[in-house]
Amino acid sequence: MNLDERKHKGIGMTSQRTRDRLIERLRQQGIQNSQVLDVLRRVPRHLFVDEALAHRAYEDNALPIGYGQTISQPFIVALMSQLSLGDGAANSVLEIGTGCGYQTAVLASLFPQVYSVERIEALYQQARQRLAELEIYNVQLRHTDGNEGWPNPSYRFDRILMTAACSEVPEALLAQLAPGGSMIFPFADGVEQTLTRITRDGDELLAESLEKVVFVPLLPGLA
Ligand code: SAH
């Protein structure tokens, strides 16, 4: 079955009521940004997971997407989206770790320009196909190592969102943070991971610890 057929067939198990229940739960957990809640209501998460898991797509859980990776839990996607919208105007966002492309699709409804990189070629190809089938055109994807930042070093991003945990922040990413921009990522200290925001103020970088999270690790090189 191709994506287009699934879009229509999935209606039963992914009824609007199931999705609305998830949105209500996110709201209760502290997601207040109505733009974010609206986008999560609309983006069809079941199309980003394997068909066999589609009936679980609107539970608030991470799910396997193959290659030892996971699609982030909806709450985490909502939280990172809410944080990246922040309070200032932002035009461009760079995501490190495209995975299945779900967070990418959410960002595409929130920011004019979205860039995303993934180190696993098969995931990159799948995400590219899904986003094209969903007619999402304001996203640029690359199969590259996010430790190196976006392949064009002269680019600057208002937001950088990393969906894999690192114990050292890649220098290349800090260098691509626009003035006033912020980077949101899980920082790993031993087994503990803390969602962290780094904001650039001129040459100064301000770090804030937000909350405990669990992500797959940021890995080096391509696969
Ligand atoms: N945003 C994704 C989350 C995927 S999990 C989603 O919603 O599905 C994190 C992803 O980061 C994995 O796909 C993993 O392969 C990728 N990743 C890990 N290290 C990376 C690196 N150095 N560069 C690019 N992607 C990386």
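From a predicted model like this one, the values you see are computed outputs, not experimental measurements.

Conventions adopted
- The residue numbering used here restarts from 1 in each chain and proceeds along that chain's sequence as written.
- With pLDDT at 70 or above as the cut-off, local features in this predicted model cover only qualifying residues; side-chain atom pairs require 80 or more to be listed or tallied, and sums for whole chains, interfaces and linings still use all residues.
- No hydrogens and no water enter the side-chain calculation; it runs on all heavy atoms of the structure.
- Per the convention used, a helix needs a DSSP run of H or I reaching at least four residues, while a strand needs a run of E reaching at least two, with both numbered from the N terminus.
- Accessible area is worked out with a 1.4 Å probe on protein chains only. A residue is then buried under 20% of its type maximum, exposed over 50%, and partly exposed in between.
- Note on definitions: a residue-residue contact is assigned when non-hydrogen atoms from the two residues lie within 4.5 Å.
- Every accessible area reported is derived by Shrake-Rupley at a probe size of 1.4 Å, with residue values counting cover from the shown protein chains alone.
- Counting rule for charge: Lys and Arg are taken as positive, Asp and Glu as negative, and neither His nor the chain ends is counted.
- Positions of charges follow a simple convention, taking NZ of Lys, CZ of Arg, CG of Asp or CD of Glu.
- Proximity is defined per residue: if any heavy atom of the residue lies within 4 Å of a molecule or strand, that residue is considered near it.
- The definition of a polar contact used here is a pair of N or O atoms within 3.5 Å, where within protein one atom must be able to donate a hydrogen and the other to accept one, and adjacent residues in sequence count solely through side-chain atom pairs.
- Expected helix span is given by 1.5 Å per residue-to-residue step, counting one fewer step than there are residues.
- Summarising the geometry, the arc corresponds to the directions from the helix axis toward the C-beta atoms.
- In the sections that follow, a salt bridge refers to a side-chain nitrogen of Lys or Arg positioned within 4 Å of a carboxyl oxygen of Asp or Glu.
- In this description, a nonpolar core means a group of buried Ala, Val, Leu, Ile, Met, Phe, Trp, Tyr and Cys residues linked to one another through side-chain atoms lying within 4.5 Å.

Which parts of the structure should I look at to understand the overall build of the chain?
The number of helices and strands found in the chain is seven helices and nine strands. Along the longest, intermediate and shortest principal axes, the C-alpha atoms of the chain span 50 × 35 × 35 Å. Taking all 223 residues of the chain together, 52% fall into the buried category. For the chain, long-range pairs separated by at least 24 residues make up 54% of all intrachain contacts whose partners lie at least 6 apart in sequence. A total accessible area of about 10700 Å² is found for the chain, and carbon and sulfur atoms account for 48% of it. One finds the centroid of the 21 positive side-chain charges in the chain at a distance of 8 Å from the centroid of its 27 negative side-chain charges.

What should I look at first to understand the site of the ligand in this one?
Not every one of the 25 residues close to the ligand is listed here, only the nearest: E95, E118, D145, G146 and L219. A distance of 3.4 Å separates an oxygen atom of the ligand from a polar backbone atom of C100. Contact distances for the ligand include 3.3 Å between a nitrogen atom and a backbone N or O atom of R119. When the ligand sits alone it has 580 Å² of accessible area, and the protein chains cover 99% of it.

In this structure, what is going on with unusual backbone geometry? I would like to understand it.
Backbone geometry follows two general trends: most residues other than glycine have a negative phi, and most peptide bonds adopt the trans configuration. Although it is not a glycine, Y67 adopts a positive phi angle of roughly 60°. Within the secondary structure, Y67 is located in the loop between β1 (63-66) and β2 (69-71). Non-glycine residue E135 carries a positive phi angle of around 60°. Among the structural elements, E135 can be located in the loop between α6 (121-133) and β5 (139-143).

Please clarify how α6 should be interpreted in this entry.
One full turn of an α-helix is made of 3.6 residues, so residues set three or four places apart face in the same direction. For α6, with 13 residues, the first-to-last C-alpha span of 18 Å sits near the 18 Å given by 1.5 Å per residue. Regarding α6, the residues found buried are L123, Y124, A127, R130 and L131. Seen along its axis, α6 keeps its buried residues to an arc of 135°; they face one direction. Two residues or fewer after α6 comes E135, characterised by a positive phi angle close to 60°.

Hey, could you run me through the environment of L173 in this one?
Here L173 is to be found in helix α7 (residues 171-175). A residue is classified by how much of its surface remains accessible, and L173, at 0% relative accessible area, is buried. Once residues within four sequence positions are removed from consideration, L173 is found in contact with L94, I96, G146, G149, I160, M162 and M183.

Honestly, the pattern of salt bridges in this entry has me stumped. Any pointers?
If the charged atoms of two oppositely charged side chains come close together, the side chains can form a pair. Enumeration over the complete set of coordinates arrives at seven salt bridges. Put simply, R27 and E24 hold a salt bridge, and the shortest N to O gap is 3.3 Å. Here the residue R27 and the residue E24 both occupy positions in helix α2 (residues 16-28), the gap between them amounting to three residues, near one helical turn. Residue class for R27 comes out partly exposed when judged on its relative accessible area of 40%. Among the residues examined, E24 registers a relative accessible area of 35% and is labelled partly exposed. Counted as one network, the salt bridges with shared partners bring together D20, D38 and R41.

Can you walk me through the nonpolar core in this structure?
Judged by nonpolar contacts, the single largest core of 53 residues is most densely connected at L26, F48 and Y102. Every element with two or more residues in this core is listed here: α2, α3 (34-42), β1, α4 (74-85), α5 (102-108), α6, β5 and β7 (177-189). By residue number, the principal contributor to this core is α4, which donates eight residues. For F48, the residues in contact, after removing those within four places along its chain, are V43, I65, I71, C100, G101, Y102, A105, R130, L131 and L134. By size, the runner-up hydrophobic cluster in this structure holds 18 residues, among which are Y115, V117, F157 and V216.

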